[in-house]
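A closer look at the structure
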Amino acid sequence: MNPPDGYGLTLRTSIEAARPDPELRVDEWAEEFMVLPKSGPMPGPFRFDRSPPARRVHQVLSPGHPCKRVVAKVASQMFKTQTALNWIASLIHRRPRNILALEPTDTLVKRFSARVSTMIRNVPVLRERVAAVKSRDSRNTVQAKDFLGDATLYMNTAGSAANLAEVSAPYIYVDEIDRLEMDVDGEGDPVELAEARATQYANDCKFFYTSSPSVEGFSKIDDLFAMGTQEEYHVPCPDCGHLHPLLLENFHFERDPDTGYMDRAWFVCPACFFEIDEHHKTTMLPDVDAGGEARWVATSTGDGETISFTLSAFYMPVGAITWLSLARQYARAKERLKRGDHEGMQVFYNTRLGLSYKNSESATTAKQLQDRAEPYAPRVLPDEALVATMASDTQDNRLEVQIEAWGPGMQHWVLDYIVLHGAPSASPNEPGSVWARLDEIRRTPLLHASGRAIQISADGIDAGGHHTQDVYNYGS
């Protein structure tokens, strides 16, 4: 037997140790190593055929991709959390650095930590790298998982500035960002506070933000989405091949004419008007990498650092929520909206369409109200007005008076708002009292746009509060 060649063995070992790690492609890693739990809807090895749109999101999360920020504004229960888990797992395995995962509440932190623990148990290459769970081992807890000795996955809430200040990490995941407080302990925006944790890794950092949105004008995920490429997932028409996104405006449903029960939902191709049924999903959803034609299409150039995605529940795979179920939910929301109840429609927009909801009744700003003002002269009735009224509110040290004009169909205009300072407890007969001044306003004619003088036809006074008897004295 020849003795081993010590020099050759040493040389080969040194060369192998100096070889750079293979490029980490998160999508390839997920299909090679990730194992989904038995408790989930699709247990076993992870495959993108369950959710083809998620592939590109994984690809841009790869450390080698030049983008800095990845934003997923998508419907509930699509691919947000599993994508984050795949990304974090690939980093633990191939790119060991500190990772910070932030959730809106402690409950969600515990839920996410439990999913991480299950993932570690299910994936052999992670079990080898993460500290074992021991009763007195602080390296593997609900809020921290140490791996490869000197790197840690930190899991915490984003609701405390201290939680965001004590960790330095190049990789940061923020979940359900629209449910966060937008001013953390008076120290500012949680996104800016979180990204400050990666200051030392300016050329080697990545941020992943996910959420279903909330109310238009108050949605942080909307703001982040607008910073990026604003990509939509386009699918081919089964008839003409036209690539288009699945939008609500092309969604149709119908009820059985005899029973009134909704029994069909479909999309219409915007190019050839072919009626697309749900079974067409099997050929429409696969992306180019899977041999299909679907693809993400950017609608903006973005800021050069951010890639952003939006996706609705219309893209759910066959076997998940159906188009018919979505149509029924949408129809119920429309019925509630007719009664002035916006809650159902907001839930549908936020959780099913992945869009923020605009409630014009509650989201009107002061500037918008100001912009709606029409150029009417004070205390002049417009042409359409027929009568004038006055209403007074009694406060401890004043009366507040509003004069309005009224026209056909109960259309009305505010003509003036007057505050009369003084004690309502004063005698109505006392000169200069609030009651005397109120009488003077009531007796003074108003000018109509036609040029005629109009008297106030009716007036009323709020008799509640501390001055009920004073109001009665004035009226008697």
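Just so it is clear, the model here is predicted, and its values are computed rather than measured. Residue positions are given per chain, counting from 1 as you read along its sequence in written order. This being a predicted model, a pLDDT of at least 70 is required before a residue's local features are given, and a value of 80 or more before pairs of side-chain atoms are given or counted; all residues contribute to the totals for chains, interfaces and linings. Side-chain descriptors were evaluated using all non-hydrogen atoms of the structure, hydrogens and water having been removed beforehand.

A word on the overall build of the chain
Stated precisely, the cut-off is as follows: Where helices and strands are cited, they refer to DSSP runs of H or I of at least four residues and of E of at least two residues respectively, numbered from the N terminus. Burial classification: accessible surface area is computed with a 1.4 Å probe over protein chains only, and a residue below 20% of its type maximum counts as buried, one above 50% as exposed, and the rest as partly exposed. The contact definition used throughout considers only heavy atoms, calling two residues in contact when any of these lie within 4.5 Å. Values of accessible area rely on a 1.4 Å probe in the Shrake-Rupley scheme; residue burial ignores everything except the protein chains shown.
When helices and strands are tallied, the chain shows 15 helices and 22 strands. A total of 476 residues make up the chain; the buried ones form 45% of that total. Nonlocal contacts in the chain, meaning residues at least 24 apart in sequence, comprise 65% of its contacts between residues at least 6 apart. Looking at the chain as shown, the accessible area adds up to about 24,800 Å², and 51% of this sits on carbon and sulfur atoms.

Concerning the pairing of strand S6 (residues 151–157)
Our working rule: DSSP-based pairing: two strands are paired if at least 2 bridges between them are found.
Extensive coverage of S6 is indicated by the burial of six of its seven residues. Taken together, the five bridges between strand S4 (residues 99–103) and S6 define a ladder with parallel strand orientation. Across the sheet, Ile99 pairs through a bridge with Leu153, a residue of S6. The sheet contact formed by strand S5 (residues 144–147) and S6 spans four bridges and is antiparallel. Within S6, the position partnered with Phe147 by the bridge is Ala151.

Concerning the sheet that holds strand S13 (residues 275–276)
Ordered in space as S11-S12-S13, the three strands form an open sheet in which the pairing is antiparallel. Edge positions in the sheet fall to strand S11 (251–255) and S13, since each has one partner strand and no second. Bridge analysis of strand S12 (residues 262–268) against S13 gives two bridges, and the strand direction is antiparallel. Residue Phe267 lies in a different strand from S13, and its bridge partner there is Ile276.

A word on the pattern of salt bridges
Keep this limit in mind: What makes a salt bridge here is a side-chain nitrogen of Lys or Arg within 4 Å of a carboxyl oxygen of Asp or Glu, nothing more.
Applying the stated rule across the entire model yields 22 salt bridges. One salt bridge in this structure joins Asp287 and Arg55, with 2.7 Å as the shortest N-O distance. Of this pair, Asp287 sits in the loop between helix H10 (281–284) and strand S14 (295–298) while Arg55 sits in helix H3 (residues 54–61); the two residues are 232 residues apart in sequence, bridging distant segments of the chain. The class of Arg55 is buried, set by a relative accessible area of 10%.

Description of the packing of aromatic side chains
Applied cut-off: Aromatic pairing here means that ring centres of Phe, Tyr or Trp (its six-membered ring) are within 6.5 Å. Orientation follows from the plane angle: under 30 degrees is stacked, over 60 is edge-to-face, and everything else is tilted.
Counted by the stated rule, this structure contains 19 aromatic pairs. Ring geometry for Phe253 versus Tyr330: centroids 6.1 Å apart, planes at 90°, classification edge-to-face. Taken together, the residues Phe253 in strand S11 and Tyr330 in helix H11 (residues 323–338) connect sequence positions 77 residues apart. Among the residues examined, Phe253 registers a relative accessible area of 26% and is labelled partly exposed.

In short, shape yes, function no, at least from these values alone.
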